Amino acid sequence: MKLTQDMTKEDKKMLNGIFWRSFTVFASRAGATKAHAPGFMYSITPALNRYYKDDPEGRKEALMRHTTWYNITQNVGTFVMGLVASMEKKNSEEADFDSESIVALKTSLMGPLSGIGDSIFWGVLRVIAAGVGISLASQGSILGPILFLLIYNVPSILTRYYLTYMGFSLGSTFIERIYANGSMAILNKAASTLGLIMIGSMTASMVKFESKLSVPIAGGKPILIQTYLDQLFKGLVPLSITLVCYWLLSKKVNVNWILLGVLILAIILGLLGVV
Amino acid sequence: MFKEAFLAALTVFICYGGNWLFGQTMIERPLVVGMVAGLIFGDLRTGIIMGASLEAIFMGAVDIGGALSAEPVTATVLATTFAIVLNVNEKAALALAVPIGVLAAFISMFMKNVVMNLFAPLVDKYAEENRPGAIAVMHYVMWFINYFIFSLITFFSVLEGAKPVQQMVNNIPDNLMAGLAATGGLLPAVGFAILMRMLWSKQLAPYFFLGFILVAYLELPSVAVAALGIILVLVISFKDKKLLDIQNKQKELENRPVSATGITDSGNETKSDQEEEDFFS
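The model shown is predicted, which means the values in this text are computed figures rather than measured ones. (Residues numbered from 1 in each chain as written. Chains lettered and ligands numbered in written order. Predicted model: local features only at pLDDT ≥ 70, side-chain atom pairs only at ≥ 80, totals over all residues. Heavy atoms only, no water.)

Moving on to the overall build of chain A. When its secondary structure is counted, chain A shows 12 helices and two strands. Helices and strands in chain A line up, N terminus first, as α-α-α-α-α-α-α-α-α-β-β-α-α-α. Relative to the compact-globule value of 19 Å for 275 residues, chain A shows a C-alpha radius of gyration of 26 Å, a clear excess of over 25%. Based on the C-alpha atoms only, the size of chain A along its principal axes is roughly 95 × 40 × 35 Å. For chain A, buried positions account for 57% of its 275 residues. Taking as baseline every contact in chain A between residues at least 6 positions apart, the subset at least 24 positions apart corresponds to 69%. (Helix = DSSP H or I, 4+ residues; strand = E, 2+ residues; numbered from the N terminus. Rg over C-alpha atoms; globule rule 2.2 N^0.38 Å. Buried < 20%, exposed > 50% of the residue type's maximum accessible area, 1.4 Å probe, protein only. Contact = heavy atoms within 4.5 Å.)

Moving on, we get to the overall build of chain B. When you go through chain B residue by residue, the secondary structure sums to 12 helices and zero strands. If you list the helices and strands of chain B from N to C, you get α-α-α-α-α-α-α-α-α-α-α-α. Evaluated residue by residue, chain B yields a buried proportion of 55% over its 281 residues. Here the contacts in chain B between residues at least 6 apart in sequence split such that 73% fall between residues at least 24 apart. For chain B, the computed accessible surface area is about 12,500 Å², with 66% contributed by carbon and sulfur atoms. (Areas by Shrake-Rupley, 256 points an atom, 1.4 Å probe, with all protein chains shown as cover.)

Bringing the UniProt feature "transmembrane region" (unreviewed entry) in chain B into the picture now. With numbering matched to this structure, UniProt assigns "transmembrane region" (unreviewed entry) to residues 33-54, 66-86, 92-111, 132-156, 176-195 and 207-238 of chain B. For the annotated span residues 132-156 of chain B, helix accounts for 100% and strand for 0% of the residues, and the straight-line distance between the end C-alpha atoms is 37 Å. (UniProt positions renumbered as here; feature names shortened; annotations may be inferred.)

Structural remark: α-helix, 3.6 residues per turn; residues separated by three or four positions point the same way. For helix H3 (residues 44-57) of chain B, with 14 residues, the first-to-last C-alpha span of 20 Å sits near the 20 Å given by 1.5 Å per residue. Burial analysis of H3 of chain B places 10 of its 14 residues in the buried class, the great majority of the element. (Expected span 1.5 Å × (residues − 1).)

This paragraph deals with the packing of aromatic side chains. In this structure the tally under the stated criterion is 24 aromatic pairs over all chains. Ring centres 5.1 Å apart and planes at 45 degrees place the aromatic pair Tyr161 of chain A and Tyr165 of chain A in the tilted group. Remark: Tyr165 of chain A and Tyr161 of chain A occur in helix H7 (residues 143-170); sequence separation between them is four residues, near one turn of the helix. Measuring from ring centre to ring centre gives 5.1 Å for Tyr16 of chain B and Tyr147 of chain B, while their planes differ by 75 degrees; the resulting arrangement is edge-to-face. With Tyr16 of chain B in helix H1 (residues 2-21) and Tyr147 of chain B in helix H7 (residues 132-170), this pair connects stretches of sequence that are 131 residues apart. Note on accessibility: Tyr16 of chain B and Tyr147 of chain B belong to one class, buried. Through a chain of ring-to-ring contacts, the aromatic side chains of Phe13, Tyr16, Trp143, Phe144, Tyr147, Phe148 and Phe150 of chain B assemble into a single cluster. (Phe/Tyr/Trp six-rings, centres within 6.5 Å; stacked < 30°, edge-to-face > 60°.)

A word on a nonpolar patch on the surface. Residues and elements named next belong to chain A. On the surface, a cluster of nonpolar side chains totalling about 500 Å² of accessible area is made up of Ile142, Ile146, Leu150, Val154, Leu158 and Tyr162. Secondary-structure assignment places Ile146 in helix H7. Overall, Ile146 belongs to the partly exposed group, its relative accessible area being 38%. (Patch = residues over 30% accessible without salt bridge, like charges linked within 9 Å, V, L, I, M, F, W, Y side chains within 5 Å. Salt bridge = Lys/Arg side-chain N within 4 Å of Asp/Glu carboxyl O.)

Turning our eyes to something else, we now look at the UniProt feature "transmembrane region" (unreviewed entry) in chain A. Residues and elements named next belong to chain A. When the UniProt feature table is mapped onto this chain numbering, "transmembrane region" (unreviewed entry) sits at residues 120-150, 186-207, 228-249 and 255-274. When the span residues 186-207 is considered, its composition is 95% helix and 0% strand, and the gap between its end C-alpha atoms is 31 Å. Taken end to end, residues 255-274 is 85% helix and 0% strand, and its first and last C-alpha atoms sit 26 Å apart.

What the domain assignment reports for chain B is domain 1 (1-199) and domain 2 (204-252). Each of domain 1 of chain B and domain 2 of chain B was reduced to a C-alpha centroid, and the two centroids are 35 Å apart. (Domains from an automatic or database assignment.)

Examined against the element boundaries, Ala56 of chain B turns out to sit in helix H3. Looking at Ala56 of chain B, the relative accessible area reads 4%, which means it is buried. Counting along the chain gives 128 residues from Ala56 of chain B to Gly184 of chain B, while the straight-line C-alpha distance between them is 8.9 Å. Setting aside its immediate chain neighbours within four residues, Ala56 of chain B contacts Ile134 and Met206 of chain A together with Pro188 of chain B.

Residues and elements named next belong to chain B. Counting all residues, the mean pLDDT for chain B is 84, and 88% of those residues have values of 70 or more. For chain B, the element scoring lowest by mean pLDDT is helix H12 (residues 259-280), at 48; helix H10 (residues 205-216) scores highest, at 95. Low confidence marks residues 262-277, where pLDDT is under 50. Its contacts with residues over four positions away, or in another chain, come to 20 contacts. Here the prediction assigns the complex a pTM of 0.83, and the interface score ipTM is 0.82. (pLDDT = per-residue confidence, 0-100.)

Residues and elements named next belong to chain B. Backbone geometry places Met26, a non-glycine residue, at a positive phi of 70 degrees. One can find Met26 in the loop between H1 and helix H2 (30-40). For Met26, a relative accessible area of 0% corresponds to the buried category. Residues other than glycine seldom take positive phi values, yet Asn87 does so here, at roughly 60 degrees. One can find Asn87 in the loop between helix H4 (72-85) and helix H5 (90-113).

Let us now look at helix H1 (residues 9-22) of chain A. Over its 14 residues, H1 of chain A extends 20 Å from the first C-alpha to the last, a length consistent with the 20 Å expected when each residue adds 1.5 Å. Three or more residues of H1 of chain A are buried, namely Asp11, Met14, Leu15, Gly17, Ile18, Phe19 and Ser22 of chain A.

Moving on, we come to the interface of chain A and chain B. Listed as interface residues are 107 residues of chain A and, on the opposing side, 110 residues of chain B. Of all residues in chain A, the largest losses of buried area upon contact with chain B belong to Trp122, Leu196 and Tyr246 of chain A, amounting jointly to 7% of the total for that side. Summed over the shared surface of chain A and chain B, the number is three salt bridges. Ionic pairing is found between Lys34 of chain A and Asp124 of chain B, a salt bridge with its closest N-O pair at 3.3 Å. At the junction of chain A with chain B, the criterion picks out 22 residue pairs in polar contact (both at pLDDT 80 or more). Looking at which element gives the most residues to the side of chain A that touches chain B, the answer is helix H9 (residues 183-206) of chain A, with 21 residues. Among the residues making up the side of chain A that touches chain B, the classes are represented as 57 nonpolar, 36 polar and 14 charged. (Buried area = accessible area lost by both parts, 1.4 Å probe. Polar contact = N/O pair within 3.5 Å; in protein donor to acceptor, adjacent residues only side chain to side chain. Nonpolar A, V, L, I, M, F, W, Y, C, P; charged D, E, K, R; others polar.)

Right, dumping it as structure tokens:
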């Protein structure tokens, strides 16, 4: 990456400090009003200590403005940390810098960054990793959990690292630009497409239903209902149940009710001898 | 049962607390928790297999924006402990995991949003006193308190709950057992539905069915599906990119007077897009 080209040793030391501290950003949660503010303050402390070295009043004000609510998907949140570091730098150098703009920008980036971060890391990368992991682990292989961790963490830690640097050097115009020129839309579409393919494939392999019911035939072997169902469309019942759950969710039914509903449905089917 | 209770609670603390201390590295997911619990109780294979089933069930239980539907760590540890230590039927242990997970999620949310709120005034106080060191210490203390209290739930569940659970499971009639076994197969549907909510749109819906058919009929393993998916997505993205470039150029032509700056802009765009795609693949 050419990102580090015109950075001083000091810059790199500070950004690496932020990168390492950012791993703990969600370790504490100070209630619903501040969320992960302490973790954020802890993560950007290297920047504050550097730029307000001879200005205790300045550092105090900086700490106080970052006590507000913070929550961004953590692998992409480092972009904001780098960005805040570059803005605190400006604030410490220019007397007429509007310090309010730091918090405003930080807050305005939370929604868009978490949106893309959640769908890429939670919706796609984790789903691919789990798909590979589950298929190996269900045969009892230790490779399952290990590959799961590697597939998820290698790209996610690299992203965390590079975004720290990108936030510091590219700044907020970068985000505005990739939203404005449509690149973000392409990335979003690509991530959702891949995610849906994986979820579809896992619906087929992991949602299981097998009926024990059979139709007795005079003078012959009884025919299992399940054979008919498979001839109609393989995995018809699992697919339908998944789509019904999706439909209920989109009708804003609480997840826990749906979970309990499926639980009860399965138990009733068991009691009736269907499964 | 004291030793087992302690070990189970330790597993919760390591996996749940560790996950959030070390950058959400997914060591809280059932795949990993099952393996750790299996290792600790001396039956790695059972732990890994239970982890795989539970991962499918809890696939959609994700902590996004602080709203959790079911908490997978406690559920996985208790289900695995019951299966290995008490020799409870694996299928029944899986069915037990879901209500435990939902209950644990409520407790976790209560801890994080209500109990931990007690520390919120301290954050302001230390900021005002200009003490980043104190904030750092408090950050770690809050972490410890939260996950320590949380693992106590598992400790007492195993200590007090083991006997009644064993008795209950041993007395389950056969057809109820069949129903419980079926829950393990049907519950992943809810998880996938939650994930679909995040990604679904009318234009992209066919890809969900494509993934389904690739496995249901062609019986491709998940690595193959992922690889095919990545190739497909790359091809589509290149095409989208071309279309976008044409659109952007058109816009540029329409705003002729500022075309001088426009050209340099689009040069940068291509570079950043390249990075985007590199990063994505």
